[in-house]
Amino acid sequence: MTKYIIRRLLGMIPTLLIIITISFFIIRIAPGGPFDSERSLPEQVLQNIEAKYHLDEPVIVQYGRYLFDVLRGDLGPSYRYQDHDVNFYIFTSLPNSIILGIIALTIAIVFGISAGMLSAVRQNTWVDYTTMSFAIVGISVPLFVIGPVLQWIFAMNLGWLPTSGWIDGDYGLKTLILPSITLSLGYFANIARLMRSSMLETLRSDYIRTAKAKGLKNSVILFKHTLKGALLPVVSYLGPAFAGIITGSVVVEQIFRVPGLGKFFVQSSFNRDYTLIMGVVIVYSVILIIMNFIVDIIYSFLDPRISYK
Amino acid sequence: MAKVKSTKETAVNEFDQEIKGNSLGRDAWRRLKKNKMAVASIFVVVIYAFLSIFASVLPIYSYKEIILDHQHLRPSLTKTAGELMLEKKKKDLYFMAYKDGRVEIPAEDKEALKEMSPNQIWAYFYEIGEAGGIELNTSEQRKLDRMIEDIETELMFDIKKINYLSDEGKFVNIEKLSVGQLTEIYSGLIGASISDIMVQSEKEVTLQITNQTKVENDGVSDEEMARIIANELESITTKAKDKLLIATLVSKIANQVEDYAEDDLQAVAEEGSTSFPLTKTVSVNDRLEAKVQATKMHDRKYFFGTDYSGRDMLSRIIYGGQVSIAIGFIGTITSVLIGIVVGAFAGYLGGKVDYILMRIVDVIYGLPYMLLVIIMMAIFGRNIMNLFFALAIVSWLTVARMVRGQIISLKNSEFVEAARSMGASPGRIIFKHLVPNSLSIIIVFSTLRIPAFIMMESFLSFLGLGVSAPYASWGSLVGDAVEGMTLYPWRLLFPALAMTVFLFAMNFLGDGLRDAFDPQSKNQL
């Protein structure tokens, strides 16, 4: 087991290297630079700026320098904002995104699993139909439609919740409700559907029949035997779900004006702020890789049949 | 049940019934037909497809025609644009009258006003005003009267065709004339010298090419841009240039003709006895005549309202759907084709090829690829081709994995063995035997892929990184609408609804197809 974990940890390194390399070179081959503006700068000024940011060196030297800096945990200076470096911007906005993401993921997992279980146990009753219809809504409606519609209903017409803002503002924790629901709905729906189908399959399996034959209580069978087996597909879905939540948060932060990393990402892509874009991509990728790693570990705990060789 | 005996010898079972072979496709179709939601979805998808394919011949207004007077008109089935403009103006004036303190309202209503949204407040005063409770002062009344007059008389011209009496005595469409002839006609119309017109139109064409090049090469440095433009101007053929010149001249002449028509018809409109729309042949001079359709500008009806520059939402949604659906379908087909080729080779050849291809897939799979797409869109410019390309690059992975798995499970079966022993090449075995046998799974997957693709496209357009104006897609329409959704909810509601219904239908259809092709999967995701 320990060996497996170490091997997985080592396996992350090439993935991360590839991400850094791809985004570095996509950005370098792009037409236009961060210092192109309406007003053309004098030649000398431009040269000085380029020298300051080492843009006058050959690309491969720049790449080496960047790689080395990233390994030390330094994401470099921002090309647009003079006051602080990329690290500062990322680490002031990242916590907000993480809070939003974790809440959304928790909602999706908790409600998704319970809804899926419920509709599997009560298969072909109104409970099942209602849950599954709700789930198909969650899958079909894109989150940038759900967001504004929820805003319109709950914030503008009913006035129960604030339209936008963040926890440090006047409305406090209330600001979390709409963005996290918006972000979680699609993943809730997928988890509920997955859970339902795997639950139905597990309920028909032999070991459940054995458990019933032994005369175990229904609740024990359901929560101890079935749940563990049925969770496997849900756990393996968590990796893609997390990737989706990261991407989705870019839009949700835009709609609800959350001061998170996603907003920075979109802004810096428009500004061609190369170092900031790459910094954000690297941070997102690290989070994603770590999440996938955790998911794999959980999976191996749940399913002893997996071999670690 | 006894069947009509066919002349061919058929297999018969013990009850003398004909045994009919059933293909997988027919079997799946039979099961699909039982699924009511799937059948309904097929209808919905067909309707959407029809609307998008025939968008250009449908009787709808142009999706990019800007009429600033018609800004933000609410949707209405019965009222014309003119009536709605008037209503908007009146609401504005009544509210101003209240602000000036010229309107007395009960105290409890005053309290209630604080709780109301702007739209409700306007509606409240409009009601009072229409009942005669608000007196407008003379200057306001004059403004209103002028507006009413404009609404009744302002015309719009659609020039169908301009004909020129040639030297042979026949009328020909001016688009078919040469640059020289057009210059002559135009100089006759405006009275300028032929050489001046030539110089002017040359300049305009150069400008057109320059602008076009600038848009296409967004973001390069100034010197680079100058070089590209010079190159572009040099390399253009005489034929292409003539085409541009003709287009420029024709539109100039059309403008002149419109002025003539306006002079001709405005008086008719003001007199008020003729009914519009009116199609008329206008003779500009003895050799030039034009077929013009005149409509009252403010007689238009906007069933879905208008947007911030007075464009018809209905046609924007239809054209937006065209873009979204096209990207969904073409993108899916491209990504599925790439996936099939990669997956089939990896699966069939196995060994090192398989290992390398699948490691590549694994690594790309681990990337936050939507973020890479966003970077690509931001950097390489926002146009439909880039968008489509960026999405297709990242979305073939799942198909590749799926096809590989399918091929591995099929490649040792007897029919492949047979083909191999007959000397079929690997390419033939893959594309004639293995791929067709995994087609059902691929079809099902593709159907579920289309809505995902549309969602990705709309996601980018929503962020402002996809389709840009004057083109529209569902995502960009929703994105534009978010800003003013309290005041103009229809701008959000209709595109969102159109999109949701289509995505619903595609998802139901995909689920239905999957159940039909593989009944055992009934309870899986």
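Just so you know, these numbers come straight off a predicted model, no measurement behind them.

Analysis parameters
Residues numbered from 1 in each chain as written. Chains lettered and ligands numbered in written order. Predicted model: local features only at pLDDT ≥ 70, side-chain atom pairs only at ≥ 80, totals over all residues. Heavy atoms only, no water. Helix = DSSP H or I, 4+ residues; strand = E, 2+ residues; numbered from the N terminus. Buried < 20%, exposed > 50% of the residue type's maximum accessible area, 1.4 Å probe, protein only. Contact = heavy atoms within 4.5 Å. Areas by Shrake-Rupley, 256 points an atom, 1.4 Å probe, with all protein chains shown as cover. Expected span 1.5 Å × (residues − 1). Arc of directions from axis to C-beta. Phe/Tyr/Trp six-rings, centres within 6.5 Å; stacked < 30°, edge-to-face > 60°. Lys NZ or Arg CZ within 6 Å of the ring centre and 35° of its normal. Salt bridge = Lys/Arg side-chain N within 4 Å of Asp/Glu carboxyl O. Lys, Arg positive; Asp, Glu negative; His and termini not counted. Polar contact = N/O pair within 3.5 Å; in protein donor to acceptor, adjacent residues only side chain to side chain.

Colleague: So what exactly am I meant to see when it comes to the overall build of chain A here?
Modeller: When its secondary structure is counted, chain A shows eleven helices and zero strands. Counting helices and strands in the order they occur from the N terminus, chain A gives α-α-α-α-α-α-α-α-α-α-α. Expressed as lengths along the three principal axes of its C-alpha atoms, the size of chain A is roughly 85 × 60 × 30 Å. A buried classification covers 50% of the 309 residues belonging to chain A. Sequence-distant contacts, at least 24 apart, represent 75% of the contacts inside chain A between residues at least 6 apart. When the accessible surface of chain A is totalled, it reaches about 15,200 Å², and 65% of it is carbon and sulfur.

Colleague: Even after reading the chapter, I still don't get helix 3 (residues 59-71) of chain A, so can you show me in this structure?
Modeller: At 3.6 residues per turn, the α-helix brings residues three or four places apart onto the same side. Residue and element names in this part refer to chain A. Between its first and last C-alpha atoms helix 3 spans 18 Å; for 13 residues at 1.5 Å apiece the expected length is 18 Å, and the two agree. Every buried residue belonging to helix 3 is among Q62, Y63, Y66, L67, D69 and V70, and all of these are buried. Angular distribution of buried residues about the axis of helix 3 spans 165°; they occupy a single face of the element. Summarising the geometry of helix 3, the exposed residues directed more than 90 degrees from the buried face are I60, F68 and L71. At its buried positions, helix 3 is contacted by helix 1 (2-29) and helix 11 (274-302).

Colleague: Looking at this model, I keep getting lost on the packing of aromatic side chains. Mind explaining?
Modeller: Throughout the structure, instances matching the rule amount to 23 aromatic pairs over all chains. Plain terms: the ring middles of F88 of chain A and Y89 of chain A are 5.5 Å apart, the flat faces sit at 80° to each other, and that makes the pair edge-to-face. With a relative accessible area of 36%, F88 of chain A lands in the partly exposed category. Geometrically, the ring pair formed by F504 of chain B and F508 of chain B is stacked, given 6.1 Å between the ring centres and 15° between the ring planes. Of this pair, F504 of chain B and F508 of chain B both sit in helix 20 (residues 489-517), four residues apart, which is roughly one turn of that helix. Note on F504 of chain B: relative accessible area 22%, which makes it partly exposed. Pairwise contacts between aromatic rings join F24, F25, Y63 and Y66 of chain A into one cluster. The ring of Y126 of chain B is capped by K91 of chain B, whose NZ or CZ atom sits 5.8 Å from the centre of that ring. In this structure, R300 of chain B is placed above the aromatic ring of Y61 of chain B, and the distance from its NZ or CZ to the ring centre is 4.0 Å.

Colleague: When you look at the pattern of salt bridges in this model, what are you seeing that I'm missing?
Modeller: A side chain with one charge may pair with a side chain of the opposite charge, provided their charged atoms come close. Residue and element names in this part refer to chain B. Scanning the model with the defined rule gives 18 salt bridges over all chains in all. Ionic pairing is found between R316 and D307, a salt bridge with its closest N-O pair at 3.5 Å. Classification of D307 as buried rests on a relative accessible area of 3%. For D354, the salt bridge identified is with R404, shortest N-O distance 2.6 Å. One end of the pair, D354, is in helix 12 (residues 351-366); the other, R404, is in helix 15 (residues 397-410), with 50 residues separating them in the sequence. R404 gets classed as partly exposed once you look at its relative accessible area, which sits at 23%.

Colleague: Help me understand the side chain of R491 of chain B, please; the structure alone is not making it clear to me.
Modeller: All names here are of chain B. The residue R491 is located in helix 20 in this model. Although buried, R491 forms no salt bridge, and the nearest oppositely charged side chain, D480, lies 5.4 Å from it. Among the polar contacts listed, one links the side chain of R491 to the backbone oxygen of D480, at a separation of 2.9 Å.

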